[in-house]
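Residues per chain, in single letters:
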Amino acid sequence: MIPYSRQYIDSNDIKHVVKTLKSKLITQGPIIEKFEKLICKFVGAKYAVAVSSCSAGLHIAAMAGKLNKTKKLLTSPNSFCSTANAGIHCSAKVDFADINIETGNISLINLKQKMRKNKYKMLIPVHFAGLPVDMKHLKKITPKKTIIIEDAAHALGANYKDGSKIGCCKYSDMTVFSFHPVKSITTGEGGIVTTNNKGLYENLKILRSHGIVKNFAKKNKTNPWYYEMQTLGFHYRITDIQCALGISQLKKINGFIRRRRKIAEYYDKFFIKFKNCKPLQLHQRNLSANHLYVLKINFKKIKKSRKKVMEILKKKGISTQVHYIPIYSHPFYREKRKINLSNMSSYYEQCLSIPIFYSLNKKQQNYIIKSFKEIVEN
Ligand SMILES: Cc1ncc(COP(=O)(O)O)c(C=O)c1O
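One numbering rule holds for all chains: residues counted from 1, following each sequence as written. Local features in this predicted model are restricted to residues whose pLDDT is 70 or higher, and side-chain atom pairs enter the listing and the counts only when it is 80 or higher, whereas totals over whole chains, interfaces and linings include all residues.

### Thoughts on the overall build of the chain
Going by this rule: Numbering of helices and strands runs from the N terminus; a helix is a DSSP stretch of H or I covering at least four residues, while a strand is a stretch of E covering at least two. For the radius of gyration, the atoms used are the C-alpha atoms, and the globule rule reads 2.2 Å times the number of residues raised to 0.38. In this scheme the burial state of a residue depends on its C-beta neighbours within 10 Å: 20 or more other such atoms mean buried, 12 or fewer mean exposed, and anything in between means partly exposed; the C-beta positions come from the backbone.
Within the chain, the regular secondary structure consists of 14 helices and twelve strands. The C-alpha atoms of the chain give 21 Å as radius of gyration, which agrees with the globular expectation for 378 residues (21 Å, within 12%). For the C-alpha atoms alone, the extent of the chain along its principal axes is close to 75 × 55 × 40 Å. The buried share of the chain, taken over its 378 residues, is 47%.

Listed below in C-alpha cells is the structure:
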C-alpha cells in the first residue's frame, strides 16, 4: 500500500537516538536546548521552546498571548481541530474566516471584513499544506494589538515571498511547528514554538512545565532544592530522545523539501491537463513545504462519490486522505453555532490528498497518475 504520507528514517537517525539512549539523561538533558537552538538558526528566530506536540505548542502560545474567556480568536476552518481548540482551551470565543478557494489558506479579504466588524485578541492563520499565507499583507491589515500566531504545522522549510523562513516571526508574535511523522521532519510526536519576544519565550517555558520556576539557587536567593509553581501550567515537555531524532532529521531538511517540491511539480505537469480534477496551490510550489498534494475533484461530474474513488484507489494499493473536514462542522463546534462558509464547504466537497513523501519514487508516482486517469477521466 502506498500511504498518503510517511516518515523517512535512516541509519544516522537511529545512531543519534541510540547515542542519547546510552547517555546519562534521556529526558530533560542538553539535547532539547541544542535542538531548540538549531531550529532557531534554521528559521531565523531568536527563541524556541520545544514541546510534546504542535497542539500543546498552540495551546501554550495562545495562553502566553493572553487569550482568555473575555477574548475572541479568529482562525481558519481548513485545519486540524487543534488550531481552533487552542482558543477553546483558553475559554475564548472561536470564530472562523472563510478560505481562499485557490490556495485553501485563510481568505485575507474575509479576514479583513471580519476584523472590521469584530475585535479579535488573536489570529491564527494556518499555512495549509505548507503554502505560506501572505503574512506581510495579513500583518498590514491586522490591528497592532492583535496577537498573531502562525500555525506552521505543515510548513517547516517553507519561505515567505521575501525569502526568509516561516518561523522567523517577522510578521507574527509566535510560530508553531509539528514534528508528527508525516510532517517536514519528525521527532515521533513533538512540536516547537518560535518567537523573537523574550517575555513570551520565558512564559512559554514556564507553561510547558507545570508553571514551575526554578533556578532560584543559582541566583543565590534560596535553598538549592527550592522551586515555585507560579502559574497553572502543563506537562508539555519533549524528551532528549525525541530531540536527538529531530537534530538528525533537521540535517536532511533541505533534501526533504527539494524532493517534495519535485514530486509536486511532477504531479502538476500531468494533473493540469485533467478535465475533472485540478491541483490546489498550482504555481506556488517554490515557496511551499509541499506537505500535502491536494486535488480538487468534480465528483458530481465523474458520477462517483469521494468514498467510491477512495475505495477504488485503496484496492489499487493507493491510500488517500481528506484535509480537512471544516472545523466548524465537527459536532463539538457545530452544536455551539451554525456556521457555513461557502468557499470552505465547496472546497471540502472536492478535496482529496494524494501520496506525497520523501521516499515516493517515480514508478509509484506514475502508477498513481495512471490510476487517477482511469478513475476520474474516463
Ligand atoms: C494544521 C495543523 N495544526 C496543528 C496540528 C497538530 O499537530 P500535532 O499532531 O503535532 O499536535 C496538525 C496536525 O496534524 C495540523 O495539521
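After that view of the structure, there is still more to cover.
### Here's the deal with the site of the ligand
Rule in force here: We call a residue near a molecule or strand when its C-beta atom, built from the backbone, sits within 6 Å of it. In this count, Pro and Cys sit with the nonpolar residues alongside Ala, Val, Leu, Ile, Met, Phe, Trp and Tyr, while Asp, Glu, Lys and Arg are called charged and the others, Gly among them, polar.
Close to the ligand lie 14 residues; Ser53, Cys54, Ser55, Ala153 and Ser178 are nearest. Looking at the shell around the ligand, the elements that each hand over two or more residues are α3 (54–64) and α4 (82–89). The residue inventory of the shell around the ligand, partitioned by class, reads four nonpolar, nine polar and one charged.

### As for the sheet that holds strand β3 (residues 93–96)
As a general point, the strands of a sheet are linked pairwise by backbone hydrogen bonds and lie either parallel or antiparallel. Rules: Strands pair, by our definition, only if DSSP identifies at least two bridges between them. Axis angles are defined between N-to-C directions and span 0 to 180 degrees, where every axis is a line fitted to C-alpha atoms and, for a helix, only to the segment in contact. We call two residues in contact whenever the C-beta atoms placed from their backbones are within 7 Å.
Taken in spatial order, the seven strands of this open sheet run β1-β7-β6-β5-β4-β2-β3, and their pairing is mixed. Because the sheet does not close on itself, it has two edges, and the strands there are β1 (47–51) and β3. Here the strands of the sheet are splayed against their neighbours by 20° on average, with no regard to which way each runs. Taken together, the five bridges between β1 and strand β7 (residues 191–195) define a ladder with antiparallel strand orientation. Looking at the pairing, Val49 lines up with Val193 of β7. Across the sheet, helix α2 (residues 31–43) lies against β1 and β7, angled at about 130° from β1, the strand it touches most. The sheet contacts of α3 involve β1, β4 (122–124), β5 (147–151), β6 (174–178) and β7, and relative to β6 the element is tilted by about 165°.

### Some words on unusual backbone geometry
Here His323 and Tyr324 are connected by a cis peptide whose omega angle stands at 0°. By the element assignment, Tyr324 lies in the loop between α11 (306–315) and α12 (331–334). At Gln281, a position not held by glycine, the phi torsion is positive, near 65°. Structurally, Gln281 is set in the loop between β10 (277–279) and β11 (293–297). Unlike most non-glycine residues, Asn290 shows phi in positive territory, near 45°. Given 30 C-beta atoms within 10 Å, Asn290 falls into the buried group.

### Topic: the sheet that holds β11
Sheet architecture is open: three strands sit in the order β10-β11-β12, paired in antiparallel fashion. Each edge of the open sheet carries a strand with a single partner, namely β10 and β12 (351–354). Taken over all neighbouring pairs, the strand axes of this sheet differ in orientation by 35° on average, direction set aside. Pairing geometry for β11 and β12, over four bridges, is antiparallel. Residue Lys296 lies in a different strand from β12, and its bridge partner there is Cys351. Across the sheet, helix α9 (residues 253–271) is in contact with β10 and β11; its angle to β10 comes to roughly 150°.

### Focus on the pairing of β11
Most of β11 sits out of view: five of its five residues are buried. The two faces of β11 match: Tyr293, Leu295 and Ile297 on one face and Val294 and Lys296 on the other face are all buried. The pairing of β10 with β11 spans three bridges and is classified as antiparallel. Pairing of Pro279 across the sheet is with Leu295, part of β11.

### Comments concerning the domain arrangement of the chain
The line we're drawing: Each domain's extent is set by a domain assignment, obtained either automatically or from a database.
You can read the domains of the chain as domain 1 (11–250) and domain 2 (253–376). Computed from C-alpha atoms alone, the centre-to-centre distance between domain 1 and domain 2 is 26 Å. On the domain 2 side, the residues contacting the 28 residues of domain 1 number 25 residues.

### Structural notes on the environment of Leu200
You can see Leu200 is positioned in helix α7 (residues 198–208). A tally of 22 C-beta atoms within 10 Å means that Leu200 is categorised as buried. Each residue touching Leu200, except ones within four places of it in the same chain, is listed here: Ala64, Asp173, Met174 and Thr195.

### Overview of helix α1 (residues 11–21)
Our working rule: To be clear, the arc concerns the directions from the helix axis to the C-beta atoms.
Listed in full, the buried residues belonging to α1 are Asp13, His16, Val17 and Thr20. For α1, the angular spread of buried residues about the axis comes to 95°, placing them on one side. Pointing more than 90 degrees away from the buried face of α1 are the exposed residues Ser11, Asn12, Ile14, Lys15, Val18, Lys19 and Leu21. In this structure, the buried side of α1 is in contact with α2 and α8 (240–250).

### A look at the packing of α1 against α8
The criterion, for reference: Convention used here: angles under 35 degrees read as roughly parallel, angles over 145 as roughly antiparallel, angles from 65 to 115 as roughly perpendicular, and any remaining angle as oblique. In this scheme, a crossing is called left-handed if the near helix is turned counterclockwise away from the far one by less than a right angle; it is called right-handed if the turn is clockwise.
Their axes nearest at 8 Å, the elements α1 and α8 cross at an angle of 150°. By the angle between their directions, the pair α1 and α8 is classed as roughly antiparallel. As for the relative orientation of α1 and α8, their crossing is right-handed in sense. Each of Asn12, Asp13, His16, Val17, Lys19, Thr20 and Leu21 in α1 lies in contact with α8, whose residues at this interface are Asp240, Ile241, Ala244, Leu245, Ile247, Ser248 and Gln249. Here the residues of the contact of α1 with α8 sort into six nonpolar, five polar and three charged.

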